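Topology and contacts: notes
For reference, the chains in residue letters:
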Amino acid sequence: MNLTEEDLLGVLSLIIWCLTLFALVKYVFIVLNGDDHGEGGTFALYSNLCRHINLQSKLNLQNTRLESDVIMPYCMTRGSPLRSKTKNFLERSSAAQSLLTFVVLLGTCMVIGDGALTPATCVLSSLQGIQSRSSKITQDHVVFMAVVLFILLFAFQRCGTSKVSFSFSPIMVLWYATNVSIGIYNIFTYHPSILKAISPHYIFNFFLKNGTTAWHLLGAVFLCITGAEALFADLGHFNKRAIQLAFSFVVYPSMVLTYAGEAAYLVKHSDQISNAYYSSIPECVYWPMFVLSTLAALVASQSMISATFSIVKQSTALDCFPRVQIIHTSSKHEGQIYCPEINYILMILCVGLVVGFKGGVELANAYGAVVIWVMIITTCLTTLVMLVIWETNIILVTGFFLFYIVTEILFLSSLVNKIPQGGWVPFAISAFFLTVMLSWRYGRNNKSTYEAEKKMSLGELSQILSSGTIYRTPGVCFFCTDLVNGIPPIIRQYIKHTKSVHEIMVILTVRTLTIKNIPPEERLNAGKLGSDGVYRCLVQYGYKDSMSVEGDDFVDLIMGKIREQSETVIEKQRLDSAAEKGFVFVIGRTILKPNLQKNKWLARFTINYLYRFLQKNCRSEVSALKIPQGKTLQVGMVYEI
């Protein structure tokens, strides 16, 4: 394609308006407002919806909602006819609920895939500029340098976000300042009138002139707004107002001037379009800009890696991802974490992508495909948030949804024909993580269903304790279970084989809600079950809270809460006496066994192979809750489902 001035004006106008309508208007001023107490990403939008809609289908990430939740501050909402209709439809339709949850999981898997594709694309594209300096530098040399940088980048993740990113701000400020300076220089040197591309009529002229060719170029133009999805996913690390101000007054204008400078340069040097960015840089500042661009690419990579860690932590907390090791790397910022397993998986994926594709167009196609799907999912979830939570005028909601879904599908249509040329990669990565999530969720749901159906009644427990054949061991026993309502069947198994119950038995449930943090005053809920020395304690965390039952302070806190519910002095004295004699945590170790008659081959395969593999290889509940190992007892039981 021979580029003319009109073609360059059309492409530049398309880039400017994509940056304006998608990055600035959609993400910075609309989607960022859908945060969950400062946390962003698809889970933030979903958790907002869960607080206003009682989702109860089997696929839901959080299908255990108590009646008391509706009076908690984070669940109280206003009502309107439009909101009520949308809410009632979602609550009555299990298919709609399952579809909503599936879309959230798919979006989450896409963002995790983005965590591998962003470093691979950004770092490699920044290093490829060195090839213009010498014909002796081959693509293999560039790939080798990229692999070395990836290994160093992922190796330093264990140091924590604050230590890795201490120089982020100076690097980015300097990068934007130099890009703006070079852009202005190119505009005045080569084609001062290039800024007239701000008029959208050049877009229509470009499509009228080039037709199908212009449509094919949409996929390449879309790459200019990649990163906007990371801006929302990584919101937990930054202040929303700071992001809005920085993007509006620094990032957005600098990007417009940089692209305008490149377009102005190409008006006089259209043959250098394949390496437009580095070609448009003046010779005297080439090497400083090469180094600065590489560092800026590492910064962009770091932001997506950090966002991936946060998303996996949220997924684990909501029990839709196998438990992995979560290391908090900062005592000041709760959101700064490190996941060793995920870190190494991302590193392997990055190295594999770079070595496999060697930086060709396939990598760019894969990057564009994953980002457009994340944007489409974000548009759908934001529309629901507008209807259910913000109660936005139906005309504005319809306008938002139709405009963005149509334009994003148009971009998607341009990328569809690139699926064989690398666009399949994000789907393969997403399919892998989606299989892991759905298999884990399926197994956990079956476990919860079995416990709900086979749970002990209060009468049965009281009868066993009053039979006179049960020895009451001195001390306190905390029996950990996922069952929120009722007594889990594994307690029946425990009593049957040990013929004993501790003097005080507390059925402890640690429950993670689909919100960022739970206020301390709402975290503990305790009460007596009616039986002799048996109590129930519900501990609630947000998905960003640090879950730990480590140390005597936690035990004292629970015992103090139970003591508040005591009705007699004798009961309080008995609690104090048992606490002084020590405590033990009992963890249930369950194995699911599918019934051959009730389950089809896919269900049996999922339970026997996928879920069991994940269960054996993920971190145990003891390590996830940081329960002291020296005071832990595991009880096993087979659940035939």
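Residues numbered from 1 in each chain as written. Predicted model: local features only at pLDDT ≥ 70, side-chain atom pairs only at ≥ 80, totals over all residues. Heavy atoms only, no water.

**Side note on unusual backbone geometry**
- The phi dihedral of E391 is positive, around 55°, even though this residue is not glycine.
- Here E391 lies in the loop between α15 (361-390) and α16 (394-416). (Helix = DSSP H or I, 4+ residues; strand = E, 2+ residues; numbered from the N terminus.)

**Notes on the pattern of salt bridges**
- In total, this model carries twelve salt bridges according to the counting rule given.
- The salt bridge involving D7 is made with K209; its shortest N-O contact spans 3.4 Å. You can see D7 sitting in helix α1 (residues 5-29) and its partner K209 sitting in helix α8 (residues 201-210), a full 202 residues away along the chain.
- Accessibility expressed as a relative area gives 2% for D7, which makes it buried.
- Assessed through its relative accessible area of 49%, K209 is described here as partly exposed. (Salt bridge = Lys/Arg side-chain N within 4 Å of Asp/Glu carboxyl O. Buried < 20%, exposed > 50% of the residue type's maximum accessible area, 1.4 Å probe, protein only.)

**Topic: the state of the cysteines**
- Counting across every chain of the model gives zero disulfides.
- In this structure C480 is not part of a disulfide, and its nearest cysteine sulfur, from C477, lies 8.5 Å away. (Disulfide = S-S within 2.5 Å.)

**Some details on a nonpolar patch on the surface**
- A contiguous nonpolar surface patch, about 410 Å² in accessible area, is contributed by F144, V148, L152 and F156.
- Here F144 lies in helix α5 (residues 139-155). (Patch = residues over 30% accessible without salt bridge, like charges linked within 9 Å, V, L, I, M, F, W, Y side chains within 5 Å. Areas by Shrake-Rupley, 256 points an atom, 1.4 Å probe, with all protein chains shown as cover.)

**Remarks on the sheet that holds strand β4 (residues 500-513)**
- Reading across the sheet, the six strands line up as β5-β6-β4-β3-β7-β8 and stay open at both edges, with mixed pairing between neighbours. The open sheet has two edge strands with one neighbour each: β5 (524-528) and β8 (632-640). Direction aside, the axes of adjacent strands within the sheet are offset by 25° on average.
- Judged from the nine bridges that link them, strand β7 (residues 583-593) and β8 form a sheet pairing that is parallel. Paired with R589 across the two strands is G636, which belongs to β8. (Pairing = 2+ DSSP bridges. Axes fitted to C-alpha atoms, helices over the stretch in contact; angles between N-to-C directions.)

**Some details on the environment of I182**
- Along the chain, the position of I182 falls in helix α7 (residues 168-190).
- The spacing of I182 and M172 is ten residues in sequence and 15 Å in space, taken between C-alpha atoms.
- Those residues in contact with I182, other than ones at most four positions away along the chain, are S280, I281, P282, V285 and M289. (Contact = heavy atoms within 4.5 Å.)

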